[in-house]
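# Structural features, examined
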Amino acid sequence: MTTATTTAPAAPAPVTSPPAASWAAVSALARFETGRLLTRVPVLVALAVYVAWTVWRTRVSFDGFPALQDADRATQGGPLLVGLAVLLSANQAVLRSRRHDTDRHLSVLVLPRWGRTVAHLLSVGAAALVVAVCVGGQFAWEALKPGAVGHGSPAELLVGPLSVLLLGGFGVLLARLVGAPFAAPLLIVVLLFLATFLTGFSGDGWTRWLMPSVGTYSVVTLPSDLIGRPAAWHALYLGGFALTLMAAAVLLSGGARLRTAQATVAAAVALTLVGVVGQSRDVPEEITEARVRASVTPEKLHTCVERGATTYCAFPEWVPRTDDWAGAVDDVRALAGGDAQDRPLVVRQRVEARYGLDADTILAPLTRPGDVTVGTAWGGNRVPEFTIAVAGVLVTGSEDTVAELCDGRMVTVMWLALAGRPDPVADLRRVRIDDSDTGSAIVVSQTEPLRMTAAHTELLRELLELPREKTAAKVKAAWAELTAPKVTTDRVARVLGLEKPEGEDECL
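Now for a description of the structure that goes with this document. (Residues numbered from 1 in each chain as written. Predicted model: local features only at pLDDT ≥ 70, side-chain atom pairs only at ≥ 80, totals over all residues. Heavy atoms only, no water.)

## Re the overall build of the protein
Each helix and strand in the protein was counted, giving 21 helices and 6 strands. Per-residue burial for the protein yields a buried fraction of 49% across its 508 residues. Restricting the contact set of the protein to residue pairs at least 6 apart, pairs at least 24 apart contribute 75%. About 24,300 Å² of surface is accessible on the protein, with carbon and sulfur atoms providing 62% of the total. (Helix = DSSP H or I, 4+ residues; strand = E, 2+ residues; numbered from the N terminus. Buried < 20%, exposed > 50% of the residue type's maximum accessible area, 1.4 Å probe, protein only. Contact = heavy atoms within 4.5 Å. Areas by Shrake-Rupley, 256 points an atom, 1.4 Å probe, with all protein chains shown as cover.)

## Some remarks on a nonpolar patch on the surface
On the surface, a cluster of nonpolar side chains totalling about 510 Å² of accessible area is made up of Phe 182, Leu 186, Val 190, Phe 193 and Leu 194. Within the secondary structure, Phe 182 sits in the loop between α8 (154-177) and α9 (183-201). (Patch = residues over 30% accessible without salt bridge, like charges linked within 9 Å, V, L, I, M, F, W, Y side chains within 5 Å. Salt bridge = Lys/Arg side-chain N within 4 Å of Asp/Glu carboxyl O.)

## Topic: the nonpolar core
Counting 69 residues, the largest nonpolar core has Trp 325, Phe 386, Met 414, Trp 415 and Leu 416 as its most contacted members. Sorting elements by how many residues they give to this core places helix α14 (residues 382-396) first, with 9 residues. For Met 414, the contacting residues outside a window of four places in its chain are Ile 388, Leu 428, Val 431, Val 443, Met 452 and Leu 460. Core analysis: the second largest hydrophobic core is formed by 43 residues, Val 26, Ala 90, Tyr 237 and Ala 242 among them. (Core = buried A, V, L, I, M, F, W, Y, C linked by side-chain atoms within 4.5 Å.)

## A look at the sheet that holds strand β2 (residues 310-314)
Taken in spatial order, the 4 strands of this open sheet run β1-β2-β3-β4, and their pairing is mixed. Every other strand in the sheet has two partners, leaving β1 (303-307) and β4 (371-374) as the edge strands with one partner each. When the angles between neighbouring strand axes are averaged without regard to direction, this sheet yields 20 degrees. Pairing of strand β3 (residues 345-349) with β4 involves 4 bridges; the strand directions are parallel. Pairing of Gln 349 across the sheet is with Val 374, part of β4. Running at roughly 145 degrees to β2, helix α13 (residues 322-335) makes contact with β1, β2, β3 and β4 of the sheet. (Pairing = 2+ DSSP bridges. Axes fitted to C-alpha atoms, helices over the stretch in contact; angles between N-to-C directions.)

## Observations regarding the environment of Pro 365
Within the secondary structure layout, Pro 365 lies in the loop between β3 and β4. On the accessibility criterion, Pro 365 (19% relative accessible area) is buried. Expressed as a C-alpha distance, the spacing of Pro 365 and Thr 401, which sit 36 residues apart in the sequence, is 8.6 Å. Setting aside its immediate chain neighbours within four residues, Pro 365 contacts Arg 350, Glu 399, Asp 400, Ala 403, Thr 447 and Glu 448.

## Let's talk about the side chain of Arg 333
As for its placement among the helices and strands, Arg 333 is situated in helix α13. Here Arg 333 sits buried without a salt bridge, and the closest side chain of opposite charge, Asp 330, lies 5.1 Å off (N-O distance). Polar contacts involving the side chain of Arg 333 include one to the main-chain carbonyl oxygen of Ala 340, which spans 2.8 Å. Sequence-distant contacts of Arg 333, that is, excluding residues within four places in its chain, are made with Ala 309, Thr 310, Ala 340, Gln 341, Asp 342, Arg 343, Pro 344, Leu 345 and Leu 394. (Lys, Arg positive; Asp, Glu negative; His and termini not counted. Polar contact = N/O pair within 3.5 Å; in protein donor to acceptor, adjacent residues only side chain to side chain.)

## Examining the packing of helix α2 (residues 41-58) against helix α7 (residues 113-143)
The contact between α2 and α7 brings their axes to 11 Å, and the two run at 5 degrees. Accordingly, the angle class assigned to the pair α2 and α7 is roughly parallel. Facing α2, whose interface residues are Leu 47, Tyr 50, Val 51, Thr 54, Val 55, Arg 57 and Thr 58, α7 presents Val 130, Val 131, Cys 134, Val 135, Gln 138, Trp 141 and Glu 142. Among the residues making up the contact of α2 with α7, the classes are represented as 9 nonpolar, 3 polar and 2 charged. (Parallel < 35°, antiparallel > 145°, perpendicular 65-115°, else oblique. Nonpolar A, V, L, I, M, F, W, Y, C, P; charged D, E, K, R; others polar.)

## Some words on the packing of aromatic side chains
Scanning the entire structure with this criterion turns up 4 aromatic pairs. Ring centres of Tyr 237 and Phe 241 lie 5.9 Å apart, and the angle between their planes is 35 degrees; on these two criteria the pair is classed as tilted. Of this pair, Tyr 237 and Phe 241 both sit in helix α10 (residues 231-255), 4 residues apart, roughly one helical turn. Given a relative accessible area of 5%, Tyr 237 falls into the buried group. Here Arg 281 stacks its cationic end above the ring of Trp 233, 5.8 Å away from the centre of that ring. (Phe/Tyr/Trp six-rings, centres within 6.5 Å; stacked < 30°, edge-to-face > 60°. Lys NZ or Arg CZ within 6 Å of the ring centre and 35° of its normal.)

## Here we look at the pairing of β3
Across the 5 residues of β3, 5 count as buried, placing the element largely inside the fold. Side-chain alternation along β3 places Leu 345, Val 347 and Gln 349 on one buried face and Val 346 and Arg 348 on a second face that is also buried. Pairing analysis gives 4 bridges linking β2 to β3, with the strands arranged parallel. Counted as the bridge partner of Thr 311 is Val 346 from β3. Read from β2 through α13 to β3, the crossover connection turns out left-handed. (Right-handed = clockwise from strand over helix to strand, strands pointing away.)

## Quick word on the environment of Ala 484
Tracing the backbone shows Ala 484 in the loop between α20 (479-482) and α21 (489-495). By relative accessible area, which is 27% here, Ala 484 ends up partly exposed. C-alpha separation for the pair Ala 484 and Arg 409, spaced 75 residues apart in sequence, amounts to 7.5 Å.

## What about the pattern of salt bridges?
For the coordinates displayed, the defined rule picks out 18 salt bridges. Between Glu 142 and Lys 145 there is a salt bridge; the shortest N-O distance is 3.1 Å. Using a relative accessible area of 3% as the deciding quantity, one classes Glu 142 as buried. Taking the shortest distance from any N to any O, the salt bridge between Arg 430 and Asp 427 comes out at 2.5 Å. Of this pair, Arg 430 and Asp 427 both sit in helix α17 (residues 424-431), 3 residues apart, which is roughly one turn of that helix. You can call Asp 427 buried: its relative accessible area is 2%. What emerges from the salt-bridge pattern is a single network uniting Arg 429, Asp 437, Arg 461 and Glu 465.

Below you can see the structure in the form of structure tokens.
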């Protein structure tokens, strides 16, 4: 007799490895978290303030004549506000399951914890892309202005979006480190304190480059090849630092066994260190030498073009602006008499670049007859300052003579410079240090400041109130006497048919 034996099937071995993440699930969750993140109140408010401030400022920025090597740095401040809002909102999004006590439900999903972290990080990346679009729009607006010159730096433009990526990644990492909801607001306070501390005490040291944005206050506009900022190294540092934080968040979320995450952390740390070393170096020697050449012998770098009797010599990036300079010169020449209307002039662009972007030095007057200085900035107050320089050379012959002017010729110089302007009295106030239109004052020019007595100001105001054509005819008829050395203010008043001024006639 045969007995059949039935063997029960063996139970499946328990699965000990964590479930693999479905990238389709990660992508779906990332789209959901992106929508939630971008519609959070802090992010919406920050974006609205950032966009409104950018639009309001860009309308009138740089007086309509931007140098793009300055305009690129102007895009870096606003994104920091958005970055702080993204930090807070991303942190709260990661902690959402803890607040609602749904962690135990999420643990049974196919998507592991590190996959959910990746989805949150992708939503932060989407916020950085939104800021990148805003930065690109702001810079494009500046570049499309008719008076734009120069070249922007892609690395400088990357700082804003990378700052958002860095701060957002910090928020996700903080949520994986500390489950308390108050940690993110406290971190924001600490970051603001550090920003103030480093800005106030680091000066020009390398530590200031550890901050996301290093806004150098530009007193002078330099040619783009003389900027000397380690923008590319700083962008590498920000990108590496952001990637380090994001990869660390994945590791802390259960992805420590993932070789991709481990390799990413190692590569990101290496990139960050390389960026830190690169951005901590001094200005390269070749840039320092180029700054000296541009400051001491700019004529060797100039491109010269002729417009009538005037030759305009400018750095190559500023050649398109010679038409604007020519318009200002022609306005002054049209009011002058004698040979001043067709006397040869050379407008030379000059810049003091040896001390970098924060230099605050006065250019020495040119000594060659007929040479006129023009700077690298234009628009606003720079236009009447330039017309004063042109008028001074037409009246006295050279810039170094204008710097010592303290007689009645000052009235002729100022009238020639301002009478052709749309609002002469307003321009008079703009070029005077105390913003006055009465009494004595120091007048800002392209080089050394000039001096106006109370009598000069009084007589000039009277001339500006008269019809321009009528005054121009008198000036041209008496040009030789009005431009004679040491002519008195009283004599100028009599020649122009005005009463003797009552104000003091002694220079400061």
